[in-house]
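Chains, contacts and geometry: an overview
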Amino acid sequence: MILKRIFLLAIGCMLFGTAKAQHQALFDEYLREVGDRSELFIGKMEPGYSSAAYKNHPYWFEEDFLRGEVMYKGLLYRDVLLRYDVFLQQLVVKTPVKQSNVNVPMHEVENFTMGETAFTAHEGEFMAVLYDGSQVRLLERMRINLKEDTEQTKVQYEFKRQMNFFVLHDGKMTEVGKMRSVLKQFPELEKELKRYAKMNRLNFRENRKSSLMSILKYVDELLVNP
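The rules we used
Residues numbered from 1 in each chain as written. Predicted model: local features only at pLDDT ≥ 70, side-chain atom pairs only at ≥ 80, totals over all residues. Heavy atoms only, no water. Phe/Tyr/Trp six-rings, centres within 6.5 Å; stacked < 30°, edge-to-face > 60°. Helix = DSSP H or I, 4+ residues; strand = E, 2+ residues; numbered from the N terminus. Buried < 20%, exposed > 50% of the residue type's maximum accessible area, 1.4 Å probe, protein only. Pairing = 2+ DSSP bridges. Axes fitted to C-alpha atoms, helices over the stretch in contact; angles between N-to-C directions. Salt bridge = Lys/Arg side-chain N within 4 Å of Asp/Glu carboxyl O. Contact = heavy atoms within 4.5 Å. Polar contact = N/O pair within 3.5 Å; in protein donor to acceptor, adjacent residues only side chain to side chain.

Description of the packing of aromatic side chains
Applying the stated rule across the entire model yields 16 aromatic pairs. For the pair Phe-61 and Phe-119, a centre-to-centre distance of 6.2 Å together with 80° between the ring planes defines the contact as edge-to-face. With a gap of 58 residues between them, Phe-61 in the loop between α1 (2-34) and β1 (66-72) and Phe-119 in strand β6 (residues 117-122) connect regions that are remote in the sequence. Phe-61 sits in the partly exposed class, given a relative accessible area of 42%.

Okay, here's the thing in structure tokens:
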């Protein structure tokens with residue numbers, strides 16, 4: 001009986017040692033994977049959205065994660081997987097090893113980039129930078145409201161998006177949309193801007209974003225070389 005207990009104790013120690021070694025190996029792998037970026041992945045887990053309760057998602061671009069970078073606590077973290085929850089104003093990062101979705105503490109985020117689009121904070125709200133010139137910047141803001149779908153037999157909710165555009169010039173941010181709002185912002189350039197819009201067939205009704213990007217880039221050129 002004593003020999004049997006000693007044998008079982010030895011087996012238990014071996015199994016515990018093996019499990020501990022495996023856990024340590026996983027932890028060492030995690031540290032090697034994230035390097036000095038481990039602090040970025042220690043936030044709360046993202047709760048997510050059930051497809052049974054919500055008809056769509058509240059993320060900027062798409063639900064999939066995109067590669068990008070984050071300026072966090074004054075340090076730049078490159079090549080991380082990100083998505084931005086506009087409804088909650090929450091940046092989410094995917095951990096490298098366990099592939100968990102973690103909320104990044106937003107009060108420590110200065111700016112971030114997803115794919116080819118940079119995001120900057122203005123009065124605590126992150127916006128996409130569509131054009132970043134030496135004299136003007138064009139920003140895009142998305143806001144999302146939650147609406148209840150009353151047409152379904154079961155209760156479901158839908159995220160409704162609203163897009164607005166702003167030009168930042170001389171430290172002042174002004175909303176722009178149609179051609180006249182741009183002319184009101186830069187009245188001294190009215191003749192040149194009207195000519196440019198006509199020559200390039202800009203359509204602010206059907207192609208508002210691309211038209212604003214085009215004409216504000218031209219505004220920047222005119223302000224630099226009048």
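A closer look at the sheet that holds β1
Across a sheet, strands are paired by hydrogen bonds formed along the backbone, either parallel or antiparallel in direction. Pairing within the open sheet is antiparallel, and its 10 strands lie in the order β4-β3-β2-β1-β5-β6-β7-β8-β9-β10. At either margin of the open sheet sits one strand with a lone partner, and together these are β4 (101-103) and β10 (172-176). Averaged over all pairs of adjacent strands, the angle between their axes in this sheet comes to 40°, without regard to strand direction. The pairing of strand β5 (residues 109-114) with β6 spans 4 bridges and is antiparallel. Residue Met-114 lies in a different strand from β6, and its bridge partner there is Thr-117.

Remarks on the pattern of salt bridges
Close approach of charged atoms lets side chains of opposite charge pair. If you walk through the whole model with that rule in mind, you get 10 salt bridges. Arg-83 is the salt-bridge partner of Glu-46, the closest N and O atoms lying 2.8 Å from each other. Of the two residues, Glu-46 is situated in the loop between α1 and β1 and Arg-83 in strand β2 (residues 75-85); the sequence distance between them amounts to 37 residues. Residue class for Glu-46 comes out buried when judged on its relative accessible area of 12%. Of the residues examined, Arg-83 reaches a relative accessible area of 8% and is grouped as buried.

Observations concerning the environment of Asp-85
As for its placement among the helices and strands, Asp-85 is situated in strand β2. Each C-alpha atom of the pair Asp-85 and His-57 lies 8.6 Å from the other, and the pair is 28 residues apart in sequence. Aside from chain neighbours lying at most four places away, what touches Asp-85 is Tyr-49, Pro-58, Tyr-59 and Gln-90. At 3.1 Å, the side chain of Asp-85 forms a polar contact with the backbone nitrogen of Phe-87. A distance of 3.1 Å separates the side chain of Asp-85 from the backbone nitrogen of Leu-88, its partner in a polar contact.

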